Amino acid sequence: MHFADPDMSSQSGGHDVELFVETPDYDLICTICQGVLRCPVRAACHHIFCKKCILQWLKRCRQQTCPCCRKPVNQSLIFVMFKLSKVIGRLKIKCKNKVRGCPHTLALSEQYCHSMSCLFELIPCPYQGCRAQLLRRDLDAHARHCEHWSQPCHMGCGTVLSHRTQAKHNCYRQLRHEYEARQRNHRAIAAALQRKMRRMQSTMADMKRQIGLICESLEVMDELEEVEEEDLGETSGSFSSSNSSS
């Protein structure tokens, strides 16, 4: 039987054999990664591999052949083995956090759900700015001393508290302070609006004065034009009379 090269085996798509409570049957081992089959698929030649492993193998291999028997492999003729996947999902495994003290064993299919609640899972501190990594079981103890700890007031006033401000916090005083701050802000907005209205009124008054001056100028110009027209009429009449007497 032929096996894959070391480079291909290092990119394991399967489950670590050491994770299982009992040594898995040889038939459940992927011949490419040497791990327990993950999403097992069967080629036309009936050899079974992890889906990820065989697709990577075919992508890297110039000739699309089976790594076991070297027969041609057509990707469109690779089928997922759902029943085998369920069988593997029922195998018992040790929690991945066993090295940190977790004693639980569970079905492989339950691994993700268990990791979401495992007290020995290594997780980052949830408080922004803190870079600590700790076990889930130690989170409460860490939170009591974490300098980045913050939490909304449990009385519902909405204030976000830290360890430094928690002891001094008074909801009534805080709400009164916020109310007074809002009142000052509203008064400042009202004063700014009043100043703006006064500026607009002053600008409108200036515009009215300018319009009045323009109207007066236009009336004077009209009067001058009428006078000029009268003068021209009188001058032309005098000129006609002198010509007729000659």
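Basis of the calculations
Within each chain, residues carry numbers counting from 1 in the order of the written sequence. Under the rules for a predicted model, residues below a pLDDT of 70 receive no local features and side-chain atom pairs below 80 are neither given nor counted, while totals for whole chains, interfaces and linings still include all residues. For side-chain calculations, the full set of non-hydrogen atoms in the structure is used, while hydrogens and water are omitted. Strand pairing is assigned whenever DSSP detects at least two bridges linking the two strands. Every helix listed is a DSSP run of H or I at least four residues long, and every strand listed is a run of E at least two residues long, numbered separately from the N terminus. Here, nonpolar core refers to any group of buried Ala, Val, Leu, Ile, Met, Phe, Trp, Tyr and Cys residues whose side-chain atoms link them within 4.5 Å. Only protein chains enter the accessibility calculation, which uses a 1.4 Å probe; a residue whose area is less than 20% of its type maximum is buried, one above 50% is exposed, and one in between is partly exposed. Two residues form a contact once any of their heavy atoms are found within 4.5 Å. Should a side-chain nitrogen of Lys or Arg be within 4 Å of a carboxyl oxygen of Asp or Glu, the pair is scored as a salt bridge.

> What exactly am I supposed to notice about the sheet that holds strand 2 (residues 48-50) here?
The strands making up a sheet associate through backbone hydrogen bonding, with each pair oriented either parallel or antiparallel. Reading across from one edge, 2-1-3 is the order of the three strands in this open sheet, with antiparallel pairing throughout. The open sheet terminates on both sides in strands that have one partner only, identified here as strand 2 and strand 3 (79-80). Where strand 1 (residues 40-42) meets strand 2, three bridges bridge the pair, whose relative direction is antiparallel. Its bridge partner lying in strand 2, Val41 is registered against Phe49.

> Explain the nonpolar core to me, please; I cannot follow it from the model alone.
Among soluble globular proteins, nonpolar side chains are generally buried collectively. With 32 residues, the main nonpolar core has Cys30, Ile32, Phe49, Ile54 and Ile88 as its most contacted residues. No other element matches the four residues that helix 2 (residues 51-60) contributes to this core. When near neighbours in sequence (up to four residues on either side) are disregarded, Ile54 contacts Ile32, Val41, Phe49, Pro67 and Ile78. Grouped together as the second largest cluster of nonpolar side chains are seven residues, Tyr127, Ala143, Cys146 and Trp149 included.

> Hey, could you run me through the pattern of salt bridges in this one?
Working definition: two side chains of opposite charge can pair if their charged atoms are close together. Tallied over the entire structure, the rule returns three salt bridges. Ionic pairing is found between Lys96 and Glu121, a salt bridge with its closest N-O pair at 3.5 Å. Here Lys96 is found in the loop between strand 4 (92-94) and strand 5 (105-107), whereas its partner Glu121 is found in the loop between helix 4 (111-115) and strand 6 (122-124), with 25 residues between them in sequence. By relative accessible area, Lys96 is classed as partly exposed at 46%. Between Arg209 and Asp206 there is a salt bridge, and its shortest N-O distance comes to 1.9 Å. Of this pair, Arg209 and Asp206 are both found in helix 7 (residues 171-245), three residues apart, which corresponds to roughly one turn of the helix. Exposure remark for Asp206: the relative accessible area of 33% places this residue in the partly exposed category.

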